[in-house]
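Architecture at a glance
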Amino acid sequence: MSALLEITNVTKTFPGVVANENISVSVAAGEIVALLGENGAGKSTLVKSVFGMVRPDSGEIRIKGELIAPGDTGGAIARGVGMVHQHFQLVPVMTVTENIILGDEPKRGIFINMKAARAEVIALSEKYGLEVDPDAFVEDLPVGTQQRIEILKALRKDVDLLILDEPTAVLTPQETDELLQVMKNLATSGVGVLFITHKLREVMAVADRVVVLRNGRVAGSTSPRETDEEGLAQLMVGRNVVLQVEKGEAKPEASTLEIKALSVNDDRKHLAVDGLNLEVRAGEIVGVAGVEGNGQRELVEAICGMRPRLSGEVLVSGEATPDMHPHKVHSMGVSHIPEDREKHGLVSSYSIEDNLVLNQFDRDPFAKGWIRNVAALEENATRLVEEFDIRTPSIKTTAGALSGGNKQKVVVARELSQDTRVVIAAQPTRGVDVGSIEFIHNQLIAARDAGAAVLLVSAELDEILSLADRVAVMSGGKIVAILDAKDAERGLVGRLMAGLSA
Amino acid sequence: MAGKKFSRTWLTPVVAVLVAFAIGAILIYIQGADPLKAYQSLFSHAFGSWSGIAKTLGKATPLVLSGLAVTIGLRAGLFNIGVQGQLVMGAFAAAWAGYFIHGLPIYIHLPVALLFGVAFGAGIGLIAGALKAYRGIHEVITTIMLNSIILALVDYLAGHVFQEPGQILARTPHILPSATIPNIFSMPSGFFFAILLAYGVWWVFQRTTSGFRLETVGRNKSAAWYAGISVKRSVLIAMAVGGGIAGLGGGIESLGVIGRFEPTFNTGLGFDGITIALLGRANPLGVIPGAILIGGMRGAAASMQFDAGVAPEIVDLILALVLFCVTAPFLAKWLKSTEVGAKISSGWGN
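Along each chain, residues carry numbers from 1 onward, in the same order as the chain's sequence is written. Whichever chain is written first is A, and whichever ligand is written first is 1; the rest continue in order. In keeping with the predicted nature of the model, local features appear solely for residues at pLDDT of at least 70, side-chain atom pairs appear and are counted solely at 80 or more, and the whole-chain, interface and lining totals rest on all residues. Each side-chain value is worked out from all heavy atoms of the structure, with water and hydrogens disregarded.

Overview of the overall build of chain B
Selection rule: Helix and strand labels come from DSSP, where a helix needs a run of H or I of at least four residues and a strand needs a run of E of at least two; each type is numbered from the N terminus. Within these notes, the globule rule equals 2.2 Å times the number of residues to the 0.38 power, and the radius of gyration is based on C-alpha atoms. Throughout this description, buried means an accessible area under 20% of the type-specific maximum (1.4 Å probe, protein chains only), exposed means over 50%, and partly exposed covers the range between. Two residues form a contact once any of their heavy atoms are found within 4.5 Å. Under the convention used here, a 1.4 Å probe and the Shrake-Rupley method define accessible areas, while residue burial counts only the protein chains that appear. All tallies of charge rest on Lys and Arg as positive and Asp and Glu as negative; His and the ends of each chain are not included. By convention, the point assigned to a charge is CZ for Arg, NZ for Lys, CD for Glu and CG for Asp.
Counting secondary structure elements, chain B contains 13 helices and 2 strands. Computed over its C-alpha atoms, the radius of gyration of chain B comes to 21 Å, within 12% of the 20 Å expected for a compact globule of 350 residues. The dimensions of chain B, computed from C-alpha atoms along their principal axes, are 65 × 55 × 35 Å. Counting all 350 residues of chain B, 52% fall into the buried class. Summarising the internal contacts of chain B: among those between residues at least 6 apart in sequence, 76% fall at separations of at least 24. Just so you have it, chain B exposes about 15600 Å², and 71% of that area is on carbon and sulfur atoms. Each charge sign in chain B was given a centre, from 22 positive and 12 negative side chains, and these centres are 17 Å apart.

Here we look at the overall build of chain A
The number of helices and strands found in chain A is 17 helices and 24 strands. Whereas a compact globule of 502 residues would reach a radius of gyration of roughly 23 Å, chain A reaches 24 Å, a difference of no more than 12%. Counting all 502 residues of chain A, 56% fall into the buried class. For chain A, contacts bridging at least 24 residues in sequence account for 66% of all contacts bridging at least 6. Of the accessible surface of chain A, which amounts to about 20800 Å², a share of 50% is contributed by carbon and sulfur atoms. The distance from the centre of the 53 positive side-chain charges to the centre of the 71 negative ones in chain A is 2 Å.

Side note on unusual backbone geometry
Residue A:P365 is bonded to the preceding A:D364 through a cis peptide linkage, with omega at 5 degrees. At A:M324, a residue that is not glycine, the phi angle is positive and equals roughly 55 degrees. Structurally, A:M324 is set in the loop between β17 (319-320) and α10 (326-331). Backbone geometry places B:A282, a non-glycine residue, at a positive phi of 55 degrees. We classify B:A282 as buried; its relative accessible area is 8%.

Details of the sheet that holds strand β22 (residues 453-457) of chain A
Hydrogen bonds between backbone groups are what pair the strands of a sheet, and the pairing can be parallel or antiparallel. Residues and elements named next belong to chain A. The test is simple: We treat two strands as partners when DSSP finds at least two bridges between them. Between N-to-C directions, angles span 0 to 180 degrees; the directions come from axes that are lines fitted to C-alpha atoms, helices contributing only their stretch in contact.
Here 6 strands make up an open sheet; going across it, the order is β18-β21-β22-β15-β23-β24 and the pairing mixed. What marks the edges here is a single partner per strand, and that holds for β18 (334-337) and β24 (478-484). Adjacent strand axes in the sheet meet at a mean angle of 20 degrees, parallel and antiparallel pairs treated alike. Both strand β15 (residues 285-289) and strand β23 (residues 470-475) contribute to a ladder of 4 bridges, which runs parallel. Looking across to β23, one finds that V286 is bridged to R470. Relative to the sheet, helix α14 (residues 404-416) contacts β18 and β21 (422-426), its axis offset from that of β18 by approximately 175 degrees.

A short note on the interface of chain B and chain A
The following threshold applies: The term buried area means the drop in 1.4 Å probe accessible area that two parts suffer when joined, counted for both and summed. Here, a salt bridge means any side-chain nitrogen of Lys or Arg that lies within 4 Å of a carboxyl oxygen of Asp or Glu. Under this definition, polar contacts are N or O atom pairs within 3.5 Å; protein pairs additionally need one hydrogen-donor-capable and one acceptor-capable atom, and for neighbouring residues in sequence, both atoms have to be side-chain atoms. Gly counts as polar in this scheme, as do all residues outside two lists: the nonpolar Ala, Val, Leu, Ile, Met, Phe, Trp, Tyr, Cys and Pro, and the charged Asp, Glu, Lys and Arg.
Tallying the contact residues gives 23 residues for chain B and 33 residues for chain A. Across the interface of chain B and chain A, roughly 2600 Å² is buried in total on both sides, 63% from carbon and sulfur atoms. Here A:D362 makes a salt bridge to B:R213, at a shortest N to O gap of 3.0 Å. Counting across the chain B and chain A interface gives 15 residue pairs in polar contact (both at pLDDT 80 or more). Listed by contribution, the elements that provide at least two residues to the side of chain B that touches chain A are α7 (189-207), α8 (209-219) and α9 (221-226) of chain B. The biggest single contributor to the side of chain B that touches chain A is α8(B), with 7 residues. Here the side of chain B that touches chain A is built from residues that sort into 9 nonpolar, 10 polar and 4 charged.

Observations regarding the pairing of β24(A)
All names here are of chain A. Relative to β24, β23 is paired through 6 bridges, and the arrangement is antiparallel. Residue pairing across strands places V473 opposite A481, the latter belonging to β24. The turn joining β23 and β24, which pair antiparallel and follow one another in sequence, is formed by 2 residues; a positive phi near 60 degrees is taken by G476.

Focus: the packing of aromatic side chains
For clarity, the threshold we go by: Working definition: a ring pair exists when centres of Phe, Tyr or Trp rings (six-membered ring for Trp) sit within 6.5 Å. Plane angles under 30 degrees give stacked, over 60 give edge-to-face, the rest tilted.
This structure, assessed with the given rule, holds 16 aromatic pairs over all chains. Their ring planes at 15 degrees and their centres at 5.1 Å tell us that A:Y350 and B:F212 sit as a pair that is stacked. With A:Y350 in the loop between α11 (341-345) and α12 (352-355) and B:F212 in helix α8, the pair connects residues from two separate chains. In terms of burial, A:Y350 and B:F212 fall into one category: buried.

Here's the deal with the sheet that holds strand β10 (residues 192-197) of chain A
Residue and element names in this part refer to chain A. Strand order across the open sheet formed by 6 strands is β6-β9-β10-β3-β11-β12, with mixed pairing between neighbours. Among the strands making up the open sheet, the edge pair consists of β6 (81-84) and β12 (217-222). Averaged over neighbouring strand pairs, the angle between their axes works out to 20 degrees when direction is ignored. Contacting β3 (32-37), β6, β9 (161-165), β10 and β11 (209-214), helix α1 (residues 43-50) runs over the sheet at an angle of about 135 degrees to β3.

Some details on the confidence of the model for chain B
Cut-off, in case you're wondering: One confidence number per residue, pLDDT, is output by the predictor and ranges from 0 to 100.
Confidence in the prediction for chain B averages 88 pLDDT; 90% of positions are at 70 or higher. Within the model, the stretch residues 335-350 of chain B combines pLDDT values under 50 with 15 contacts to residues more than four positions away or in other chains.

A short note on the environment of A:I149
Residues and elements named next belong to chain A. With respect to the element layout, I149 can be found in helix α5 (residues 143-155). Assessed through its relative accessible area of 0%, I149 is described here as buried. Distance from I149 to N99, taken between C-alpha atoms, is 7.9 Å for residues 50 residues apart in sequence. Setting aside residues no more than four positions away along its own chain, I149 makes contact with L90, V96, N99, I100, V132, V138 and L141.

Overview of helix α10 (residues 231-258) of chain B
Residues and elements named next belong to chain B. Applied cut-off: Expected span of a helix, by definition, is 1.5 Å for each gap between consecutive residues, and there is one gap fewer than residues.
Look at α10: 39 Å from first C-alpha to last across 28 residues, which is about the 40 Å you get at 1.5 Å a residue. Where burial is concerned, most of α10 is hidden: 21 out of the 28 residues are buried. A side-chain oxygen of the first residue of α10 lies 3.1 Å from the backbone nitrogen of R233; this N-cap is S230.

Take a look at the structure:
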């Protein structure tokens, strides 16, 4: 097998940082190669070099044996390399067909030949076994399907090598499994796949070979046959990582968070949470497992006062929390690690110091009346940066300059450092590197052991299963089952999530 | 580190001004005049004598305030183009109170007249703020429309209802001595007040919870909502306070410089405020040098025409070039961080 893509000894330095140092990776036709590494390990820089968006300082990149000049932005595409980005580049108000043909439309005269386009999309979808409805509007489709459209868009251009950048970050477990199957099918049909990820389970499931990057260097090349998840994790972070979270027995006490008959609409005014009841006791972690889009986001936002409740109530220690008043809910002792940290959790142009008091800036000691207490802000930031291991040059650094994991640590530090009775953690480790995941998990357990009632909502079933003391399975806006951790077996929870009876 | 950051922040405005003057020099040369002589005349009249400096600072006073009004909006994520209208409304209201109210001592009459200016300016700002907060109408649209409405309104009021008796020009009667702002050592005292206010606004943003609220809304509305800050209230406050400060600028102009309300004065003060706020990088203290520079150029333009035979409109042209140079990067960044970014992410419905 000759290599489709050959990256040889590529080095790229940015001022003060070596992003890639002597990296060599190759992908052959019909092969799935995983590029594994933590956030900031240099994966994106390497891919950008292939597409000419970054000029390597040295080394060479060959596609089908042909040398790609540094900074040649069209070279890789012209030679049949396709890319599926982490953030989709689709037009939400257009149909599937329109999105796939966009930029290279079959024409009849000056008009788009929609009939031919539709037929082409159906043929393409059958050829690769990627099922899509050609007439559906993209905005109505679940994320997993949108990604399938992205892949079809890339495949349409006679692609020999497909690069997928963290493709599973936004997918549910089921969608992830489907995507992995698609990747295998593509490889069988002769396409080379370069799969960029930091998720070990996926690498183990599909990769033929794994190249692990750490701090810009190749930390090791291996294959799933020769190693296991522990081994990969060790290569990735350079030390032993406890994948199975170590935690003591939960000692639950009185019910602290009570959700009674709560109903909530989603953004399109459809019922998303349907008369939901749930209790979380002090000193336990309740994990909400469910396929994304079954009302989890709406549930979290309604609890935290950020989305109007249609009916029902949310009690904290027996006291009713107000609707649509995030600040009051927060001051009743409800901490909230929001799902979208860039949108809600942080002001990226603010310093870490200001972000660490974002929702407490007007409280003692951070403000004395009208005036902010600079000394208290600095003291708080210095202490939390140390305590929560936030890797930053200074407390005055803007949050936007931090890596994903460290951004999340800023949010976690702010929410867990306060006197808190209830912790609502929504997707707390999404897009976060392995080292930070471990840290954040331990912090959630520490909050539990300190007597907080923790509600964990996550699309990562593994995260729920390893952290939760009780697992609440959510489907169709309701809690369909509550299982003790010891009874929550992966297959059973998966079936319940899919709406099947146990 | 701090020095490096400082120089990077202020590099754009300084370069913008230099580039504008360089292009201006070419245009003066094409007119057949000597650019060096023209600039020399401009700057010596503006800054070369005590009387020149007094005139410059007098011209700079309303500019500091209109620059501050725009700055407060920018900080809260709003582009207040209506400072002109807010300022003119304040100028009219203060002048009206200055001649209509009789029998008060100066230490009561003057503050009352100025407060009239503040209140009416704030009211106009509040209209645009309320339309934005409750109806979602973009403030750029409403403030531009309000500018036209107010200019027509005060023209009517000063030309008919409150016109000076026996006058054919649109202007109000002269204000009473008890509402006139006195000079301190022949320097316009309004200027020192404006500086204090600029410092006060800077301090509010730097050190108070109110400033933090506005600024958070300006930088990330979703995060502000999460943090319990009312976006609607912040929009109302930013527009009302900005309008009030603009109205104060108009009031100081009426009571300290013109002595009455006359619509033909005051023109352009609010629009220069936009240039000044952008030159000052939306920093309340940054408006001071910009206001002094532009005030000086405005004040000395006529003398430059006399000395060097250059049309005074060259000053307008240079200021337009300054605005052009300084906005290109600034606006792009501003738009990217608030409008465009929000649209792209909300388009996904997640």
